[in-house]
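# Breakdown of the fold
What follows is the residue order along each chain.
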Amino acid sequence: VHLKPITAPEFIMRYNEYDCAQINAQAAPGYSTGQAMKALEDVFHQTMPSQMGYDYMGMSYQENKAAHGLSPTTIFGLAVIFVFLILAAQYESWSLPFSVLLGTPIALFGGYLFLMFRHFDNDIYAQIGVVMLIGLAAKNAILIVDYAKRAHEEQGQSTYDAALTAGRIRLRPILMTAFAFIGGCIPLWLATGSGSLARQIIGTTVIGGMLAAALIEIFIIPVSFDVVEKIFARRRRKQPQPELQPATREHA
């Protein structure tokens, strides 16, 4: 027997029945995990032989799977479509949902503006906040549009007068609910400790969006209601009306 010392790994890792080596990496400050994963893939293709491959595990696997799923544009589009269909069913009208949703971009602009102000990335937490903003901005608009619709149909006011009346009467309830929600999200804005960055991003998105909705959108919604209702009323007048057939009576 001949003995000699050799160097060997403490244990051998396998992934999907293949021998593998695990690489743990952390993104540098100012870079997202997606950018770090892209850099690792580029270095792997440049340095490793063609018969070797790579895959992700744990949170990296989930993030990579989510990145190749539905895009954020698709998610936001589906959110807007579902809100539109629910409002159309509630009001039994195809025109009023447009009045509600036309103010949504103002809230989204406010959310992304605050993200840029705090130098946060548009990650999954920001996208969750944006989906929330679509519903919250629609809620504020519903308070105005619902009152304006009833004033126009039940009280006989013009769309212009109904929009002004609704905007004036619903101003205080909208501001009260909006600033109450913003006050409740301040702990998210100032979050500290483990997982604080995720809470800060969500809080920044919803606070910025609600501030924009409360200070800007409330002036846009009455205008959009008046404009949309006049456009649809003009289209209804242009559509040909069905001719009424003269009534006939049979004689026994």
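Our subject in this report is the structure included herewith. (Residues numbered from 1 in each chain as written. Predicted model: local features only at pLDDT ≥ 70, side-chain atom pairs only at ≥ 80, totals over all residues. Heavy atoms only, no water.)

Taking 1.5 Å as the rise per residue, helix α5 (residues 104-117) with 14 residues should run 20 Å; its terminal C-alpha atoms sit 20 Å apart, in good agreement. Just beyond α5, the residue with positive phi is His119, at close to 60 degrees. (Helix = DSSP H or I, 4+ residues; strand = E, 2+ residues; numbered from the N terminus. Expected span 1.5 Å × (residues − 1).)

To continue, consider the nonpolar core. Val83, Val100, Val145 and Phe225 are the most contacted members of the largest nonpolar core, which totals 23 residues. For this core, the secondary-structure elements that each account for two or more residues are α3 (72-91), α4 (96-101), α6 (124-153), α7 (159-169) and α9 (196-238). Per-element tally for this core: the top contributor is α6, with 8 residues. Non-local contacts of Val83, meaning those with residues more than four positions away in its chain, are made with Leu101, Ile134 and Ala138. The next biggest cluster of nonpolar side chains, apart from the first, holds 9 residues, and it includes Leu136, Ala178, Ile207 and Met210. (Core = buried A, V, L, I, M, F, W, Y, C linked by side-chain atoms within 4.5 Å. Buried < 20%, exposed > 50% of the residue type's maximum accessible area, 1.4 Å probe, protein only. Contact = heavy atoms within 4.5 Å.)

In this structure, the second largest pocket spans a volume of roughly 190 Å³. Along the walls of the second largest pocket sit 13 residues, with Leu164, Gly167, Ile218, Phe219 and Pro222 positioned nearest its centre. Of all the secondary-structure elements, those providing two or more residues to the lining of the second largest pocket are α7, α8 (171-189) and α9. (1 Å grid on protein atoms, 1.4 Å probe; cavity = no way out; pocket = protein on both sides within 12 Å on 5 of 7 lines; lining within 4 Å. Points joined across faces, edges and corners; volume = space filled by probe spheres on them.)

Let us look at the packing of aromatic side chains. Overall, the coordinates contain 5 aromatic pairs when judged by the stated rule. Aromatic pair Tyr54 and Tyr56: ring centres 6.1 Å apart, planes at 85 degrees, arrangement edge-to-face. Residue classification places Tyr54 among the partly exposed residues on the basis of a relative accessible area of 38%. Take Tyr56: its relative accessible area is 11%, and that puts it in the buried class. Summarising the aromatic geometry, the rings of Phe84 and Phe98 are spaced 5.1 Å apart at their centres and angled 70 degrees between planes, so their arrangement reads as edge-to-face. Highlighted residues: Phe84 in helix α3 and Phe98 in helix α4, separated in sequence by 14 residues. (Phe/Tyr/Trp six-rings, centres within 6.5 Å; stacked < 30°, edge-to-face > 60°.)

With that settled, the discussion passes to a nonpolar patch on the surface. A contiguous nonpolar patch, built from Leu78, Ile81, Phe82, Leu85 and Trp94 and spanning about 540 Å² of accessible area, is present on the exposed surface. Along the chain, Phe82 turns up in helix α3. (Patch = residues over 30% accessible without salt bridge, like charges linked within 9 Å, V, L, I, M, F, W, Y side chains within 5 Å. Areas by Shrake-Rupley, 256 points an atom, 1.4 Å probe, with all protein chains shown as cover. Salt bridge = Lys/Arg side-chain N within 4 Å of Asp/Glu carboxyl O.)

Positive phi, normally seen in glycine, also occurs at Glu17, with a value near 70 degrees. The residue Glu17 is located in the loop between β1 (13-15) and β2 (18-20) in this model. Classification of Glu17 by relative accessible area gives exposed; the value is 78%. Its identity is not glycine, yet His119 carries a phi of approximately 60 degrees, on the positive side. With respect to the secondary-structure elements, His119 resides in the loop between α5 and α6. The class for His119 is exposed, based on a relative accessible area of 70%.

With the rule as written, the count across this model stands at 5 salt bridges. A salt bridge links Arg14 to Asp19; its shortest N-O distance comes to 3.2 Å. Judged by its relative accessible area of 56%, Arg14 is exposed. Linking Arg150 and Asp146 is a salt bridge whose minimum nitrogen-to-oxygen distance equals 3.4 Å. Placement of both Arg150 and Asp146 in helix α6 is noted, with a separation of 4 residues, approximately one turn of the helix. Classification of Arg150 as partly exposed rests on a relative accessible area of 33%.

Here we take up the packing of α6 against α7. The N-to-C vectors of α6 and α7 enclose an angle of 135 degrees; their axes lie 8 Å apart at closest approach. In terms of their interaxial angle, α6 and α7 are classed as oblique. Where α6 crosses over α7, the two elements pack in a sense that is right-handed. Of the residues in α7, those in contact with Ile144, Tyr147, Ala148, Ala151 and His152 of α6 are Thr159, Ala162, Ala163, Thr165, Ala166, Gly167 and Ile169. Looking at side-chain class alone, the contact of α6 with α7 contains 8 nonpolar, 4 polar and no charged residues. (Axes fitted to C-alpha atoms, helices over the stretch in contact; angles between N-to-C directions. Parallel < 35°, antiparallel > 145°, perpendicular 65-115°, else oblique. Left-handed = near helix turned anticlockwise from the far one by under 90°. Nonpolar A, V, L, I, M, F, W, Y, C, P; charged D, E, K, R; others polar.)

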